[in-house]
Amino acid sequence: MSTRTSALNNRIFGVDIQSGDVRGDAPSYAVVTYDGETIERDVVSLRKLHRRIEGEEPAIVATDNTYELAEDKAGLVRFLRGLPSETKLVQVTGDERPEPLSRVASRHGVPYGKQPMQEAEAAARLAARNVGYEVSAFTNTTEIKVSRGRSTGSGGWSEDRFTRRIHGSVKKTAREVESKLETAALEYEQDVTEKYGGYSQARFEVEATPAELPVSEHRSGDTRIEIERERRDGIEYQPLAKRRDHVVVGIDPGTTTAVAVTDLDGSVLDVWSSRTVDTADVVEWIVEHGRPIVVAADVEPMPETVEKIRRSFDAAGWIPDSDLSVDRKLHRTREEHYDNDHERDAMAAALFAFDDHADQFERIAEKVPPQFDRGEVIATVVSDGESVESALEAMRDDDGSETEESAHDPRELTDDEKKIKRLKDRVQRLEGHVEDLRETVSRKDEQIDELESELSEARREERREARERREVTRLERETERLKRELSEAETANEQLEDKLERLKELWKLDHSNFADVAEQKRGLVPVKPVEQFTKGAIRQADDEYGIAPDDVVYLRDASGAGRETAERLAGYDPRVVLRDGGLSEQADEVLFEHEVPVGPASDVTIQEVDELAVARENEVEAVIEDWNDRATERRRERKAAEIDQLISEHRARDPERSG
């Protein structure tokens, strides 16, 4: 299917501003919907135009001036970002320097009127014929960003766990995106930022458009996915269809083949070189850039490869009188850009060939009437050796249909009849050449099909190998991670074994001191040390080794605690609290109210190894019994004080009876 046919089978929006101004308030637009056969017309606001484009996803939005849709370049970029991925914005009047729409429509035979709806229809019809330039601000590279969906913030006691969960979710989502990209066989580069518990973000730079990605934007709980196409440096205008004008071609064959083309005014159009091409590739590249009138080389005689390409186009050949020197080639190409010496040589051949034919091109152009194609006449004169008049006459005679005289007519042919006969012979030769070229094309098509099949298979194999390499790399990273975890676990195990050995040694050294304990079969009791009588120290001790009901708690510094701190300690319901230092009255009162025994640590023998501690059971019981005795006496005194208070209050209310 040709490009033009493909365009006609898609919906096209022709757009022209109806009233107002995009830089002002509430502009309206004339919109023509064209699909090659039917036409629909409507007038809409800018907001509704955006909604229609988003909802209907036309193949092309065509206009005579893109800045009727956006107030400036930044606005145009925003408009392009809002287009569906398969929709093109096309300016039918040219690139950065557009022509009047009336002139473009007249040149292509499209109906034109000055009303906005008529201009919108003309733009749609021109775009359907592949007339115009696609406006682009983005490349085919897309960035996928996986990041946190919420702030880690201040989470209080659970802040670490909250942060770890979010970073773990980001890491999990990033791996899911990576898996989908690999399944879709898309090329990408990954950059992750590792944080506590996982990733804070992961970026994927993918060689694909958003429509080709297997993931989409979303935000869910702890994570979000953002997708953004890579911006170009500016706005680009690319022709929808390349014109195949007549050109002069220069070729430098060899291990690296280079080709350059110039137009009939001597301007270099393009230059290209490659180490991995054959003659068919060169011919295809030339066909894409124009129709050669002259094919040139920079050496004498013409290389066989260049001669073969010249014959395939039936073009005139050009070679210098002697091989072009490097100095001459450098001087002739001094104002042109090229990447290597081969491109320079091909460009020099094309430019010197043009120089030799420049006067001839100019003389022919002066004789060509405006209604004829200058390039076609020049090609006929230069390639076939015809006069300008003969070429024009042949072009006027479109069907070449003049009555043949009988082959058996004995009379002598007139000059016109001789010309007709010569032209018919030429047509026959050209038709024969066309058949030969068609056979060549058919053979090349078969070769292309075979090579495309091989290329497709090679690409599949390459993608498979790439996936295997990525999997191997992933497994190697996983192996390294497991090795690190194993090493850390072994180190921790060794530390625990050392601690156990020290505890055993401590038991052996102090076993004689615990003889009475052994006889009573009561043994030792664990002690939970707390550095200070503060909420933070209590929480730290609970995190490190836990404080449970009926535990013996040892306060290394019991001073300074208030009611709230004492309430927190009492909430653990300890068996007894051993203290160093004085206890505040408020803390003492709270612990007494909760019936938590408190006694001096000096009454108990405490043995410590690192953060672990043990004490004799009988000494702990003695502290508890002592506290119970003191508590009983304290309750008795408190009761007596309460009774005295009641008597005093009663006497105060009834002084006569008390007297």
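### A few points about the pairing of strand β10 (residues 223–239)
A regular strand places its side chains so that they alternate between the two faces of the sheet. Relative to β10, strand β6 (residues 133–148) runs antiparallel, the two being bridged by 12 bridges. Looking at the pairing, Ser-147 lines up with Arg-224 of β10. Pairing of strand β9 (residues 218–220) with β10, which is carried by 3 bridges, proceeds in the antiparallel orientation. Counted as the bridge partner of His-218 is Ile-225 from β10. Connecting β9 to the next strand, β10, in antiparallel fashion are 2 residues, including Gly-221 with a positive phi near 60°.

### Looking at the packing of helix α10 (residues 341–367) against helix α11 (residues 374–384)
In the contact formed by α10 and α11, the axes pass within 10 Å of each other and the chain directions differ by 120°. Comparing their axes, α11 and α10 come out oblique. In this structure, the crossing between α10 and α11 has a hand that is right-handed. Residue-level inspection shows His-357, Gln-360, Phe-361, Ile-364 and Ala-365 of α10 in contact with α11, the latter providing Arg-374, Val-377, Ile-378, Val-381 and Val-382. By residue class, the composition of the contact of α10 with α11 is 7 nonpolar, 2 polar and 1 charged.

### Side note on helix α3 (residues 73–82)
Among all positions in α3, only Gly-75, Leu-76, Val-77, Phe-79 and Leu-80 are buried. Summarising the contacts, the buried residues of α3 are in contact with α2 (46–56), β5 (88–91), β6 and β10. Sitting at the amino-terminal end of α3 is Asp-72, which places a side-chain oxygen 3.3 Å from the backbone nitrogen of Ala-74.

### Notes on the nonpolar core
Note that soluble globular proteins tend to have their nonpolar side chains buried in a common cluster. Membership of the largest hydrophobic core comes to 25 residues, with the highest contact counts inside it found for Ile-293, Val-294, Phe-361, Ile-364, Val-377, Ile-378 and Val-382. Of all the elements in the fold, those that place two or more residues in this core are β14 (291–296), β15 (316–318), α10, α11 and α12 (388–396). Residues Phe-13, Val-22, Leu-49 and Ile-235 belong to the second largest nonpolar core, which totals 23 residues.

### With respect to the packing of aromatic side chains
This model, assessed by the stated rule, comprises 4 aromatic pairs. Over the face of the ring belonging to Phe-592 we find Arg-634, whose NZ or CZ atom lies 4.2 Å from the ring centre.

### As for the pattern of salt bridges
In the structure shown here, the tally under the stated rule is 36 salt bridges. Where Arg-481 meets Glu-478, a salt bridge forms, and the shortest distance between an N and an O atom there is 2.2 Å. Pair noted here: Arg-481 and Glu-478 are both in helix α13 (residues 415–510), with a separation of 3 residues, about one helical turn. A residue is classified by how much of its surface remains accessible, and Glu-478, at 26% relative accessible area, is partly exposed. For Glu-589, the salt bridge identified is with Arg-638, shortest N-O distance 3.1 Å. In this pair, Glu-589 is assigned in helix α17 (residues 585–593) and Arg-638 in helix α18 (residues 617–653), connecting sequence segments 49 residues apart. Salt bridges linked by common partners bring Asp-298, Lys-329, Asp-341, Arg-344 and Asp-345 together as one network.

### Focus: the sheet that holds β14
Strand order in the open sheet made by the 5 strands is β13-β12-β11-β14-β15, with mixed pairing throughout. Looking at which strands have only one partner, the edges of the open sheet turn out to be β13 (268–274) and β15. Averaged over all pairs of adjacent strands, the angle between strand axes in this sheet comes to 25°, irrespective of strand direction. In terms of strand pairing, β14 meets β15 through 3 bridges, oriented parallel. The residue of β15 that forms the bridge with Ala-296 is Trp-318. Along the sheet, α11 contacts β11 (246–252), β14 and β15; its crossing angle with β14, the most-contacted strand, is approximately 40°.

### A short note on the environment of Thr-139
Relative to the elements of secondary structure, Thr-139 occurs in strand β6. Each residue touching Thr-139, except ones within four places of it in the same chain, is listed here: Arg-229, Glu-230, Arg-231 and Arg-232.

### Describing the environment of Arg-11
Among the secondary structure elements, Arg-11 is positioned in the loop between α1 (3–8) and β1 (12–19). Classification of Arg-11 by relative accessible area gives partly exposed; the value is 36%. Sequence separation between Arg-11 and Ala-128 is 117 residues, and the spatial gap between their C-alpha atoms is 9.1 Å. Look past the residues within four positions of Arg-11 in its chain and what remains in contact with it is Thr-33, Tyr-34, Glu-56, Pro-58, Ala-59 and Ile-60.

Cut-offs applied
Residue indices begin from 1 for each chain and proceed along its sequence in written order. Per-residue local features of the predicted model are confined to residues with pLDDT of at least 70, and side-chain atom pairs are confined, for both listing and counting, to 80 or more; whole-chain, interface and lining totals are unaffected and use all residues. Side-chain measures were taken over the full set of non-hydrogen atoms in the model, leaving aside hydrogen atoms and water. One requirement defines pairing of two strands: DSSP has to find at least two bridges between them. Starting at the N terminus, helices and strands are each numbered in turn, a helix being any DSSP run of H or I of at least four residues and a strand any DSSP run of E of at least two. The axes used here are C-alpha line fits, helices contributing only the stretch in contact, and every angle between their N-to-C directions lies in the interval 0 to 180 degrees. Throughout, the term roughly parallel applies to angles under 35 degrees, roughly antiparallel to angles over 145, roughly perpendicular to angles from 65 to 115, and oblique to all others. Crossing handedness: left-handed means the near helix sits turned counterclockwise from the far one by under a right angle, and right-handed means the same turn made clockwise. We call two residues in contact whenever any of their non-hydrogen atoms come within 4.5 Å of each other. Residues are grouped as follows: Ala, Val, Leu, Ile, Met, Phe, Trp, Tyr, Cys and Pro are nonpolar; Asp, Glu, Lys and Arg are charged; every other residue, Gly included, is polar. Partly exposed residues are those whose accessible area sits between 20% and 50% of the maximum for their type, while under 20% is buried and over 50% is exposed, using a 1.4 Å probe and protein chains only. The term polar contact refers here to a pair of N or O atoms within 3.5 Å; inside protein, the definition further demands a hydrogen-donor-capable atom paired with an acceptor-capable atom, and it admits residues adjacent in sequence only when both atoms are side-chain atoms. Buried residues of nine kinds, namely Ala, Val, Leu, Ile, Met, Phe, Trp, Tyr and Cys, make up a nonpolar core once their side-chain atoms join them within 4.5 Å. Any Phe, Tyr or Trp ring, taking Trp's six-membered ring, that has another such ring centre within 6.5 Å forms a pair; planes under 30 degrees apart are called stacked, those over 60 apart edge-to-face, and the others tilted. Counted as over-ring charges are cases with an Arg CZ or a Lys NZ within 6 Å of the ring centre that also lie within 35 degrees of the ring normal. Here, a salt bridge means any side-chain nitrogen of Lys or Arg that lies within 4 Å of a carboxyl oxygen of Asp or Glu.

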